[in-house]
Amino acid sequence: MVEKNPQMHKHYTYVKNEKDADAIAWTFLSKDKFVKFPYKFPPLGDDEIRANITHTGLCHSDSLCGRSQWGPANYPISPGHEIVAVVSKVGKNVKDFKVGDRIAYGPLRNNCEKCVACKGGKDSVCIGMPFSERGIYGEYWGGYSTAIQHPAKYAFKIPENLPSDRTAPLMCAGVTVFAPLFRFVKPGDKVAVLGIGGLGHLAVAYANKLGCHVTGFTSTPGKEDFIKKLGAHDVQSSSDPEKLAKNASKYDIVVNTLSTANQKMFGLYLDLTVPDGTFIQVGAPPIDEPFTIHAMQILFKNLRIAGSAVGSRKETQAMLEFSALHNILPMVELFGFEDFPKALDKLENGKPVFRCVVNVENWSKKNGFFKVYK
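Figured I'd write up the structure that's included with this text. Being a predicted model, the structure only gives us computed values, none of them experimental.

To continue, consider the nonpolar core. In this structure, Ile49, Leu58, Ile103, Val191 and Tyr206 are the most contacted members of the largest nonpolar core, which totals 85 residues. With near-sequence residues (within four places) excluded, Ile103 lies in contact with Ile49, Ala51, Ile83, Val84, Ala85, Val87, Phe97, Ala155, Phe156 and Ile158.

Here helix α5 (residues 173-184) crosses helix α6 (residues 200-209) at 40°, and the two axes come no closer than 9 Å. Taken together, the axes of α5 and α6 are oblique relative to one another. Taken as a pair, α5 and α6 cross one another with a handedness that is right-handed. Across the interface between the two elements, Ala173, Gly174, Val177, Phe178 and Leu181 from α5 touch Leu202, Ala203, Tyr206 and Ala207 from α6. Looking at the contact of α5 with α6 residue by residue, the classes come out as eight nonpolar, one polar and no charged.

The strand order across the open sheet built from six strands is β11-β10-β9-β12-β13-β14, with neighbouring strands paired in parallel fashion. Only two strands of the sheet have a single neighbouring strand rather than two, namely β11 (234-237) and β14 (304-307). Averaged over neighbouring strand pairs, the angle between their axes works out to 20° when direction is ignored. Across four bridges, strand β10 (residues 213-218) lies against β11 in parallel orientation. Looking at the pairing, Thr215 lines up with Asp234 of β11. The strands touched by helix α9 (residues 263-270) within the sheet are β9 (190-194), β12 (251-256), β13 (273-281) and β14, with β13 carrying the most contacts at an inclination of about 130°.

In this section: the layout of surface pockets. Reported here for the second largest pocket is a volume of approximately 270 Å³. Lining the second largest pocket we find 13 residues, and of these Lys122, Ser124, Arg183, Ser312 and Glu315 sit closest to its centre.

Attention shifts here to empty space enclosed by the protein. Under the criterion given, the structure shown has one cavity of 30 Å³ or more. Its volume calculated, the largest cavity comes out at about 80 Å³. Along the walls of the largest cavity sit Gly106, Pro107, Leu108, Tyr154, Phe156, Met171, Val175, Val310, Gly311 and Thr316, which together make up its complete lining. Split into classes, the residues belonging to the lining of the largest cavity amount to seven nonpolar, three polar and no charged.

Let us now look at a nonpolar patch on the surface. A surface patch of nonpolar side chains, amounting to about 380 Å² of accessible area, comprises Met296, Leu299 and Phe300. Checked against the element boundaries, Phe300 lands in the loop between α10 (295-299) and β14.

Below, the discussion takes up the sheet that holds strand β3 (residues 33-40). Spatial strand order, β1-β3-β2: three strands in an open sheet with antiparallel pairing. Whereas interior strands pair on both sides, the edge strands pair on one side only; in this sheet they are β1 (13-14) and β2 (23-30). Bridging between β1 and β3 involves two bridges; their strand directions are antiparallel. When the sheet's bridge partners are listed, Thr13 is paired in β3 with Lys40.

Attention now goes to the packing of aromatic side chains. In the structure shown here, the tally under the stated rule is 24 aromatic pairs. Measuring from ring centre to ring centre gives 5.5 Å for Phe266 and Phe279, while their planes differ by 80°; the resulting arrangement is edge-to-face. Residue Phe266 is found in helix α9, and its partner Phe279 is found in strand β13; the two are separated by 13 residues along the sequence. In this structure Phe266 comes out as buried when scored by relative accessible area, which is 3%. In this structure an aromatic cluster arises from ring pairing among Trp26, Phe28, Phe34, Tyr144, Phe337, Phe340, Trp363 and Phe369.

Reading the values: rules and limits
Residues numbered from 1 in each chain as written. Predicted model: local features only at pLDDT ≥ 70, side-chain atom pairs only at ≥ 80, totals over all residues. Heavy atoms only, no water. Core = buried A, V, L, I, M, F, W, Y, C linked by side-chain atoms within 4.5 Å. Buried < 20%, exposed > 50% of the residue type's maximum accessible area, 1.4 Å probe, protein only. Contact = heavy atoms within 4.5 Å. Axes fitted to C-alpha atoms, helices over the stretch in contact; angles between N-to-C directions. Helix = DSSP H or I, 4+ residues; strand = E, 2+ residues; numbered from the N terminus. Parallel < 35°, antiparallel > 145°, perpendicular 65-115°, else oblique. Left-handed = near helix turned anticlockwise from the far one by under 90°. Nonpolar A, V, L, I, M, F, W, Y, C, P; charged D, E, K, R; others polar. Pairing = 2+ DSSP bridges. 1 Å grid on protein atoms, 1.4 Å probe; cavity = no way out; pocket = protein on both sides within 12 Å on 5 of 7 lines; lining within 4 Å. Points joined across faces, edges and corners; volume = space filled by probe spheres on them. Patch = residues over 30% accessible without salt bridge, like charges linked within 9 Å, V, L, I, M, F, W, Y side chains within 5 Å. Areas by Shrake-Rupley, 256 points an atom, 1.4 Å probe, with all protein chains shown as cover. Salt bridge = Lys/Arg side-chain N within 4 Å of Asp/Glu carboxyl O. Phe/Tyr/Trp six-rings, centres within 6.5 Å; stacked < 30°, edge-to-face > 60°.

Spelled out as structure tokens, the structure:
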């Protein structure tokens, strides 16, 4: 539990006795201290939802933020942006959700609705509001908790055939690779996916069902049959420079889920793209990990380099419907709420296959935190 006199939070009130708490969150008090934090929510806003979390996925972004590798974190912080929950209370203006609905939240909670991005339907890249206010955690808290309270406009109803424990990672890993594929690919395109991990295994499946010829690039020998079962038509090495060079200029779309630090390899990855093709960077490194792109590689092949982080509300809804239609689900390892530190350690120091998901519901129901409000 939290030691006495913990750092207070702007929006949430620490309570010493768990019985008086609205929820309990696993929280970073500092980059090295990860503990349980009982707290009360502020009064529910007219446009907000409060919901009991059933499952939450762990993403490397949570660690990068909680460990202050994306700049100084706003401690105490409870991350988590792959959230499945059941509505327990709605604000008076909320019309599309009711108590008992199964919903999902991803990395975003709000947007300004007024900037050029929002007016163009690109609300995930809103420029009219600080990201600390737009993101599901920063000023506010995310899914490493028994409950969540956020604006209703970023809640999504989950198709009935998507199971809760495997839907959670779709809200980040899924939409992060689906959205740029949805924007850029067309049936028949040759697509290369670099890195067959938490993002890559879903990218392979989506690209296949979008009608593309998919090649998975992996650094792990012996995974060819496994990657083909995910939907790849071909498997190549991502760590052999000679083999990468032989695949230069073959792919209309390259999706890079890997870190950008290895400059020699990055140039070879970029060169996989055909002239006038698109290279999509979705892997997110620590903030102090720079990379360099040689201008001539872009100029001489008319390349487009696209960055993509999660997706808009429209793209997220499309991802959920597409996943349900084609039964695309992530591979996950499940943990209990009390084992959150073990799940975090597996994320940071192990090799989960492929996403860590915590079942919050069982612990909440056993300990009286699966609440319904009048």
